[in-house]
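# Observations on the model geometry
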Amino acid sequence: MRPSKLTRNALIWCLIIAATPAFGSVKLIVRDGRPIVDGVYVNGHGPYRFLLDTGSNVDLIESSLARKIGMTAGFQVSLASAGGNTSTPGSDGNEVALDSVKAAGQKFLFVSLDAIHNSSPDVHGVLGEWFLAQFDYTINLQARQLNFGKQDLPGVRTPFHLVNARPVISTSLGDLALDSGQVQLLLFGVQSGNNSVGLLRTVAGSQFVGKTSGRPVLISGHMISNGEAIAIPNHPEPGVDGLLPLGLFKTIYFCNSKGYVVFE
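Everything in this summary refers to the structure shown in the same document. Keep in mind that this is a model prediction, so the values were computed, not measured.

Cut-off values and rules
- Each chain carries its own residue numbering, running from 1 in the written order of its sequence.
- Local features in this predicted model are restricted to residues of pLDDT 70 or higher, and side-chain atom pairs are both shown and tallied only at a pLDDT of 80 or more, whereas totals for entire chains, interfaces and linings draw on every residue.
- The basis for every side-chain value is the complete set of heavy atoms in the structure, and neither hydrogens nor water enter the calculation.
- Here a helix means four or more residues in a row that DSSP labels H or I, a strand means two or more in a row labelled E, and each is numbered from the N terminus.
- In this description, contact between two residues means that some pair of their heavy atoms is separated by no more than 4.5 Å.
- Where accessible areas are quoted, they stem from the Shrake-Rupley method and a 1.4 Å probe; at the residue level, only the protein chains shown are allowed to cover.
- Residues belong to one nonpolar core when they are buried, are Ala, Val, Leu, Ile, Met, Phe, Trp, Tyr or Cys, and are joined through side-chain atoms within 4.5 Å.
- Only protein chains enter the area calculation, which uses a 1.4 Å probe; residues under 20% of their type maximum are buried, those over 50% are exposed, and those in between are partly exposed.
- By definition, two strands form a pair when at least two bridges between them are found by DSSP.
- Basic side-chain nitrogens of Lys or Arg form a salt bridge, by our definition, when they fall within 4 Å of a carboxyl oxygen of Asp or Glu.
- Think of it this way: a Phe, Tyr or Trp ring, Trp meaning its six-membered ring, pairs with another when their centres are within 6.5 Å, and the plane angle makes it stacked under 30 degrees, edge-to-face over 60, tilted otherwise.

Moving on to the overall build of the protein chain. Counting its secondary structure elements, the protein chain contains four helices and 22 strands. When contacts within the protein chain are restricted to residue pairs at least 6 apart in sequence, those whose partners lie at least 24 apart make up 68%. Carbon and sulfur atoms provide 49% of the accessible area of the protein chain, an area that totals close to 11000 Å².

Written out as structure tokens, the structure reads:
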């Protein structure tokens, strides 16, 4: 998900602050391969449960919670996703704290989280790249742990580049955004290989999609997946060929300060 009118500002901001060091460790809740954290404080209010979403370049908060804790809208943007887009109010200059790490100057968009509440009704918001890009960190889905700070981990190292302030890596299926909020591999500009049609629901909208099988994903010569993918016939975002769920990995380290990931 991305705000179409704030992309340039968000990208520059992320590049400036990515080298900030931090250390801390947080327990993860993993649902369908998606990482969720407890203990998020927004402007001193909390603790709340939030989804960690590397595929979102924005932070999101439930509209009702934003009102409850006194957040007021200061701008309006168009929030876009693979499922559509919608006009969304937002607030700037907020502080987020999670365990031992803090981030000031955070922008939050006020949204309905119905698409997330289908599987996680207890989630009150999303921490996206506005928060995550400030740190080097590891998402260990196997050990259910989020670790902040520089680390020297074994595994396959590959560079990423930023598209709309989100990490994108080169694969055998094109340039895919690393998306911890996505459950299945999603490919843009691909026709469904069968008649299977479902509804893809996102925070910004929904659309009917198909499925395709036998899509091998290789990164730096290493096979990651060779299974079913969600196929979207249109190409909603220039520079991105699809979304790669982090549930395909045991562990992935994001070195934002130097622009690479290490995965296994």
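Moving on from the model shown.
On to the nonpolar core. By size, the foremost hydrophobic cluster in this structure holds 49 residues, and its most contacted members are Leu 98, Phe 131 and Leu 146. At four residues, the largest contribution of residues to this core is made by strand β8 (residues 101-111). If we ignore the near neighbours within four places in the chain, the residues touching Leu 146 are Gly 24, Ser 25, Val 26, Leu 28, Val 37, Leu 52, Leu 98, Tyr 137, Thr 138 and Ile 139. Among the nonpolar cores identified, the runner-up in size contains 13 residues, and Leu 51, Val 77, Leu 109 and Leu 113 belong to it.

In terms of strand pairing, strand β2 (residues 24-31) meets strand β11 (residues 145-148) through four bridges, oriented antiparallel. Bridge assignment links Gly 24 to a residue of β11, and that residue is Phe 148. Relative to strand β3 (residues 34-42), β2 is paired through four bridges, and the arrangement is antiparallel. Opposite Arg 31, over in β3, you have Arg 34 as the bridge partner.

Okay, the environment of Leu 132 next. Mapped onto the secondary structure, Leu 132 falls in helix α4 (residues 129-132). Along the backbone, Leu 132 and Phe 254 are 122 residues apart, and their C-alpha atoms lie at a distance of 9.3 Å. If we skip the residues at most four places from it in the chain, Leu 132 touches Leu 52, Asp 53, Thr 54, Leu 127, Tyr 137 and Asn 256.

Now for the pairing of strand β22 (residues 260-263). Where burial is concerned, the two faces of β22 agree: the one with Tyr 260 and Val 262 and the one with Val 261 and Phe 263 are both buried. Note that strand β12 (residues 156-159) and β22 share four bridges and pair antiparallel. When the sheet's bridge partners are listed, Thr 158 is paired in β22 with Val 261. For strand β21 (residues 251-255) and β22, the ladder comprises four bridges, and the chain directions are antiparallel. For Phe 254, the partnering residue across the bridge sits in β22 and is Val 261. Counted along the chain from β21 to the antiparallel partner β22, the turn is four residues long, and its residue Gly 259 has a positive phi close to 80°.

A side chain of one charge can pair with a side chain of the opposite charge when the charged atoms of the two come close. One pass over the structure, following the stated rule, counts seven salt bridges. The closest approach of N and O atoms between Arg 31 and Asp 122, which form a salt bridge, is 2.8 Å. Taken together, the residues Arg 31 in strand β2 and Asp 122 in the loop between α3 (114-117) and β9 (125-127) connect sequence positions 91 residues apart. On the basis of relative accessible area, Arg 31 is assigned to the partly exposed category, the value being 24%. Residue Arg 166 pairs with Glu 237 through a salt bridge whose shortest N-O separation is 2.4 Å. With Arg 166 in strand β14 (residues 166-171) and Glu 237 in the loop between β19 (222-232) and β20 (242-245), the pair connects residues that are 71 residues apart, well separated along the chain. Just as Arg 166 is buried, Glu 237 falls in that class too. Among the charged side chains, a salt-bridge network with shared partners connects Arg 31, Asp 38, Arg 49 and Asp 122.

Under the defined criterion, the tally for this structure stands at six aromatic pairs. When the ring of Tyr 137 is compared with that of Phe 148, the centres are 6.5 Å apart and the planes differ by 50°; the resulting orientation is tilted. One end of the pair, Tyr 137, is in strand β10 (residues 137-140); the other, Phe 148, is in strand β11, and eleven residues separate them in sequence. For the pair shown, Tyr 137 and Phe 148 are each scored as buried. Ring centres of Tyr 253 and Tyr 260 lie 6.3 Å apart, and the angle between their planes is 75°; this geometry places the pair in the edge-to-face category.

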